[in-house]
Amino acid sequence: MRYPIGFTMAQAAHRHKMERSGLKRYPTVVMLEPLYTCNLACLGCSVERHTGKLKDRMSLETCFKAVEECGAPIVNICGGEPTLYPELAQLVAGLTERGKYIILCTNALKLEEKLLSVIPPTDNLFLMIHLDGMRQTHDYVCNRKGVFDHAVEMIKKARDLGFYTYINTTVFKETSVEEVEDMCKLVNELRANGILISPGYEYESVQSDVFLSKEQIHEKFKAIREFAPKYKVNATPMFLEFAAGMRELPCAPWSTVNYTPKGWKAPCYLVEGEGYYDEWTRFWEDTNWEYWESRLDSRCQNCKMHSGFEHSAVEESMKTIKGTLQLAAWTLSK
Ligand code: SF4
């Protein structure tokens, strides 16, 4: 299966429960950023996400309160670099006790010391290791030599120990389609569980010429879509059609909410179009979701992020029998 059965079933059960309650909008994932401190300063990362002071990190209580209030079954711990969060082991333990599925996004520099040798592998913990290309590209993006080799070593170690381990790749302007396919082959060589491929898109507070225009996203993802079925690519078929410019989808920013050291970010991980909220209820009720779903905002024009569109891709797939069968076949394959 594309993802472990428990993870897939938890999402299906959550969807069923929300729909039975009559809710049109509900969060499935919370992107929890307990700190804005990082040991790298990668191209494509917003300055605030790697320059924060460790002393300004969230407390464990603040993290648990945010997760409980939003009710999402999946917690994506990102930031900042989560392995620098001193209370990481307690955070993972507390989320596990609360029945959450945890995706831990990391550059893997401190993975062994802070996680692999401290926390045992479980069915509800997924490591998502940042790898933006093969050696030359990734070390360039991370602005440090040796990061690629270290990440590869950590993927092997994590798999040997029994951790579910995925690769997270952003495709930039200079990334060739051949290199993306090499990354997919690397997933097989390393016995990793899959690869999440996202188009690099110039979002608020990040100015760089490494990002793709909408036309470039379409061109690259048309080619990626061709070879994706041969590999463990963790993007639904409908999302890949969207990324390749073959169909339009509304955004669903409420499906993946973002809690940061500054509060709930509205509307999404990428854009602070409506600022930050201290309280969940105000964030949820006051954000103009209808506006952000429409993608009329200039900052949304080129966006093709999984966090905004995978929910819509699944919804769209389930509108027809053909789409539902295609989605089921994709879920059960690889
Ligand atoms: S399209 Fe959606 S995910 Fe992308 S920037 Fe706009 S609101 Fe955020």
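This text follows the structure it describes.
This write-up is about the structure you can find in this document. (Residues numbered from 1 in each chain as written. Predicted model: local features only at pLDDT ≥ 70, side-chain atom pairs only at ≥ 80, totals over all residues. Heavy atoms only, no water.)

**Here's the deal with the side chain of E181**
Piece 1. For E181, the location among the structural elements is in helix α8 (residues 177-189).
Piece 2. Residue E181 is classed as buried on the basis of its relative accessible area, which comes to 17%.
Piece 3. A polar atom in the side chain of E181 sits 3.4 Å from the side chain of K230.
Piece 4. When neighbours within four sequence positions are excluded, E181 is seen to be in contact with F227, K230 and Y231. (Helix = DSSP H or I, 4+ residues; strand = E, 2+ residues; numbered from the N terminus. Buried < 20%, exposed > 50% of the residue type's maximum accessible area, 1.4 Å probe, protein only. Polar contact = N/O pair within 3.5 Å; in protein donor to acceptor, adjacent residues only side chain to side chain. Contact = heavy atoms within 4.5 Å.)

**Observations regarding the pairing of strand β1 (residues 29-32)**
Piece 1. Burial along β1 is two-sided: the residues V29 and M31 and V30 and L32 are all buried.
Piece 2. Of the strand pairs in this sheet, β1 and strand β7 (residues 256-260) are connected by 4 bridges, and their pairing is parallel. Paired with V29 across the two strands is T256, which belongs to β7. (Pairing = 2+ DSSP bridges.)

**Topic: the packing of α8 against helix α9 (residues 214-227)**
Piece 1. The interhelical angle for the contact between α8 and α9, taken along N-to-C directions, is 35°, at an axis separation of 10 Å. Crossing geometry of α8 relative to α9 is assigned as right-handed. In this structure, α8 contributes V177, V180, E181 and C184 to the contact, and α9 contributes K220, A223, I224 and F227.
Piece 2. Taken together, the residues of the contact of α8 with α9 sort by class into 6 nonpolar, no polar and 2 charged. (Axes fitted to C-alpha atoms, helices over the stretch in contact; angles between N-to-C directions. Left-handed = near helix turned anticlockwise from the far one by under 90°. Nonpolar A, V, L, I, M, F, W, Y, C, P; charged D, E, K, R; others polar.)

Read these as spatial facts, not as claims about activity.
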